[in-house]
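# Structural features, examined
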Amino acid sequence: MMGRLIDTHFHLDYYRNHKELYETINKLKQFTLCMTNSPGIFVSCKRIYNETKYIRFALGFHPQQSTLSVRDFSNFLVLAKNVRYIGEVGLDFSSSRYLPKNQQLDYFEQIVKFCAENNKLMSVHLRKSENAGIDIIKKYKPSKCIIHWFTGSSTQLNALVALNCYFSINTNMTHSKKTKPKLPLIPTNRLLVESDGPFTKVNGNKFTPKLLSTAYQSIAEYYANIDFASQIYINFKELLQK
């Protein structure tokens, strides 16, 4: 059994049995960053659950949430002053059903600027929007930026590496023809692990926290030259200390 496992991107509120999983994570002593997609969800999660040594909630403003309003963003900025983790946030230009592109750009730029100025850790979603995201990150240079489930080009990945971003890897990425060839381009000292549960599978099964160790083992096959679990732990510890 691996020790000191870290899941940097998990959606507790998307599971019907979230209470059971909350208890499981604490029992297994797996440090888990629970993403939220809106300020309202963040507040609800914090109301229901106490943060523990192993579970922390991140304040989110997800670009796919088309009902998010200017008022929601004002609430986000107020709440952000007193949180350590920001996520899930980002840009997604893959569908017209999401927030309008101009609003996404405005919100994301304000979020990145805030995180850079206040040294907040952020988990970033970029889909069909990588170049725009790179431009904003380059402008403000946040020191604690994790790119979640990267699906862009090798050129875009290298640009994000040059901006000192970290990359959280999940099991689906290791089986995708699009993302698998790019994994070796990520420096080993910038690697992190995410589940993005419940949106990934491990050995054909929907992710649950009990499968995190198996997910680590699966991803580690692509990094045979390092002590994978130890490297992930070191990377995350160094990221927090930035």
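A brief report on the enclosed structure follows. Since we're looking at a predicted model, the values are computed, not measured. (Residues numbered from 1 in each chain as written. Predicted model: local features only at pLDDT ≥ 70, side-chain atom pairs only at ≥ 80, totals over all residues. Heavy atoms only, no water.)

## Description of the overall build of the protein chain
Summing up its helical and strand segments, the protein chain has nine helices and eleven strands in all. Relative to a compact globule of 242 residues, whose C-alpha radius of gyration would be 18 Å, the protein chain shows 17 Å and is just as compact. If you line up the protein chain on its principal axes, its C-alpha atoms span 45 × 40 × 35 Å. Within the protein chain, buried positions represent 52% of all 242 residues. (Helix = DSSP H or I, 4+ residues; strand = E, 2+ residues; numbered from the N terminus. Rg over C-alpha atoms; globule rule 2.2 N^0.38 Å. Buried < 20%, exposed > 50% of the residue type's maximum accessible area, 1.4 Å probe, protein only.)

## Some thoughts on the sheet that holds strand β1 (residues 6–10)
Taken in spatial order, the three strands make up an open sheet running β1-β2-β3, and their pairing is parallel. At either end of the open sheet lies a strand with only one pairing partner, and these are β1 and β3 (55–57). Each adjacent strand pair in this sheet contributes to an overall mean axis angle of 15 degrees, direction not counted. Those strands touched by helix α1 (residues 18–28) are β1, β2 (31–34) and β3, and its axis lies near 125 degrees from that of β3. (Pairing = 2+ DSSP bridges. Axes fitted to C-alpha atoms, helices over the stretch in contact; angles between N-to-C directions. Contact = heavy atoms within 4.5 Å.)

## Description of the environment of Thr 36
Structurally, Thr 36 can be placed in the loop between β2 and α2 (39–48). Thr 36 gets classed as buried once you look at its relative accessible area, which sits at 0%. Residues Thr 36 and Phe 61 lie 25 residues apart in sequence; the distance between their C-alpha atoms is 7.6 Å. What Thr 36 contacts, discounting residues up to four positions off in sequence, is Ile 41, Phe 42, Cys 45, Ala 58, Leu 59, Gly 60, Phe 61, Gly 87 and Glu 88. Side-chain polar atoms of Thr 36 contact the backbone nitrogen of Gly 60, separated by 3.0 Å. (Polar contact = N/O pair within 3.5 Å; in protein donor to acceptor, adjacent residues only side chain to side chain.)

## What to know about the sheet that holds strand β6 (residues 121–127)
Across a sheet, strands are paired by hydrogen bonds formed along the backbone, either parallel or antiparallel in direction. The six strands lie next to each other as β4-β5-β6-β7-β8-β9, forming an open sheet whose pairing is parallel. Here the strands that pair on one side only, and so sit at the sheet edges, are β4 (59–61) and β9 (191–193). Strand-to-strand twist of the sheet, defined as the mean angle between neighbouring strand axes without regard to direction, takes the value 25 degrees.

## Section: the pattern of salt bridges
Counting across every chain of the model gives five salt bridges. A salt bridge links Lys 19 to Glu 23; its shortest N-O distance comes to 2.8 Å. You can see Lys 19 and its partner Glu 23 sitting in helix α1, four residues apart, about one turn around the helix. Put simply, Lys 46 and Glu 51 hold a salt bridge, and the shortest N to O gap is 3.3 Å. Given a relative accessible area of 36%, Lys 46 falls into the partly exposed group. Glu 51 sits in the partly exposed class, given a relative accessible area of 34%. (Salt bridge = Lys/Arg side-chain N within 4 Å of Asp/Glu carboxyl O.)

## Section: the pairing of strand β7 (residues 145–148)
Within a regular strand, side chains alternate between the sheet's two faces. Across the two faces of β7 the burial is the same, with Cys 145 and Ile 147 and Ile 146 and His 148 all buried. Relative to β7, β6 runs parallel, the two sharing four bridges. Bridged to Met 122 within β7 is Cys 145. Assessed by its sense of winding, the connection that carries the chain from β6 through helix α5 (residues 130–140) to β7 is right-handed. Here β7 runs beside strand β8 (residues 166–169); their pairing, made up of three bridges, is parallel. Its bridge partner being in β8, Ile 146 is matched across the sheet by Tyr 166. In terms of handedness, the path from β7 via helix α6 (residues 154–162) over to β8 forms a crossover that is right-handed. (Right-handed = clockwise from strand over helix to strand, strands pointing away.)

## Some words on the nonpolar core
In this structure, Ile 86, Met 122, Ile 147 and Phe 167 are the most contacted members of the largest nonpolar core, which totals 75 residues. No other element matches helix α4 (residues 101–118), which puts six residues into this core. Excluding residues that lie within four positions of it along the chain, Met 122 makes contacts with Ile 86, Val 89, Phe 108, Ile 111, Val 112, Cys 115, Pro 142, Lys 144, Cys 145 and Ile 146. (Core = buried A, V, L, I, M, F, W, Y, C linked by side-chain atoms within 4.5 Å.)

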